[in-house]
Amino acid sequence: MRLNRGGLGLAGSMVPRSQPRQAEQRAEPRHGGLVDRAILVFRGQDHLVRVLNISSRGTMIESEILPRIGESVTMQFESCARLLAVVRWVRDGQIGLNFNHDVVLG
């Protein structure tokens, strides 16, 4: 792990696993292809990001930004209201976000 430039909080690195997961830990399936892209509002700046998959509780995106684990961001999907989300993990240009409330997909 490394500290961000300000010296506070985790940034971009994950603790490596010694073994792969033995069982699926997700509460629900992820859906690819429902959404192609979104606007991520990160530290006051809009970023167009690729959406890799989505569920009612969160999404995995692709972006070059380096948020801190636990940092709050806003997601804007086409024709939808803005959603608050929290960064759960960052790895190799991919970011896992957890929405602050469940979203109805469809």
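These numbers come from a predicted model, not from an experiment. (Residues numbered from 1 in each chain as written. Predicted model: local features only at pLDDT ≥ 70, side-chain atom pairs only at ≥ 80, totals over all residues. Heavy atoms only, no water.)

J.: Looking at this model, I keep getting lost on the sheet that holds strand 2 (residues 45-54). Mind explaining?
T.: Pairing between the strands of a sheet is mediated by backbone hydrogen bonds and can be parallel or antiparallel. Taken together, 6 strands build a closed barrel; the order of strands is 1-2-3-6-5-4 and the barrel is antiparallel. Neighbour to neighbour, the strand axes of the sheet diverge by 45° on average, direction disregarded. Pairing analysis gives 5 bridges linking strand 3 (residues 58-62) to strand 6 (residues 94-99), with the strands arranged antiparallel. Within strand 6, the residue paired with M60 across the bridge is G96. (Pairing = 2+ DSSP bridges. Helix = DSSP H or I, 4+ residues; strand = E, 2+ residues; numbered from the N terminus. Axes fitted to C-alpha atoms, helices over the stretch in contact; angles between N-to-C directions.)

J.: Just checking my understanding: could you explain the pairing of strand 1 (residues 37-42) for this structure?
T.: The two faces of the sheet receive side chains in turn, since in a regular strand these alternate between them. Alignment of strand 1 against strand 2, held across 6 bridges, turns out to be antiparallel. What sits directly across from I39, in strand 2, is L48. The hairpin turn running from strand 1 into strand 2, its antiparallel successor, is 2 residues long, and R43 in that turn takes a positive phi close to 50°. With 3 bridges connecting them, strand 1 and strand 4 (residues 72-76) associate as antiparallel partners. Across the sheet, residue I39 finds its bridge partner in strand 4, namely Q76.

J.: I tried to follow the pattern of salt bridges on my own but got confused; where do I start?
T.: Opposite charge on two side chains makes pairing possible when the charged atoms of those side chains draw close. Per the stated rule, a full pass over the model turns up 2 salt bridges. Between E71 and R43 there is a salt bridge, with the nearest N and O atoms lying 2.8 Å from each other. On the criterion of sequence distance, the pair formed by E71 in the loop between strand 3 and strand 4 and R43 in the loop between strand 1 and strand 2 is long-range, its members being 28 residues apart. Overall, E71 belongs to the buried group, its relative accessible area being 11%. Residues R50 and E62 are paired through a salt bridge, measuring 3.3 Å at the closest nitrogen-oxygen approach. Of this pair, R50 sits in strand 2 while E62 is found in strand 3, placing the two residues 12 residues apart along the sequence. The partly exposed category is assigned to E62, whose relative accessible area is 34%. (Salt bridge = Lys/Arg side-chain N within 4 Å of Asp/Glu carboxyl O. Buried < 20%, exposed > 50% of the residue type's maximum accessible area, 1.4 Å probe, protein only.)

J.: Quick question: what am I supposed to make of the nonpolar core here?
T.: If you look at soluble globular proteins, the nonpolar side chains tend to sit buried side by side. Core analysis: the biggest nonpolar cluster contains 19 residues, and L40, I61, M75, F77, L97 and F99 have the highest contact counts within it. Where this core is concerned, the elements lending two or more residues are strand 1, strand 2, strand 4, strand 5 (83-91) and strand 6. Top element by residues in this core is strand 5. It accounts for 4 residues. In this view, M75 contacts A38, I39, L40, V49, T59, I61, A81, R82, L83, L97 and F99; residues no more than four positions away in its chain are not counted. (Core = buried A, V, L, I, M, F, W, Y, C linked by side-chain atoms within 4.5 Å. Contact = heavy atoms within 4.5 Å.)

J.: Before we go on, may I ask you to explain the pairing of strand 5 in this structure?
T.: Two elements, strand 4 and strand 5, share 4 bridges in a ladder whose sense is antiparallel. Residue pairing in the sheet places S72 in a bridge with V86 of strand 5.

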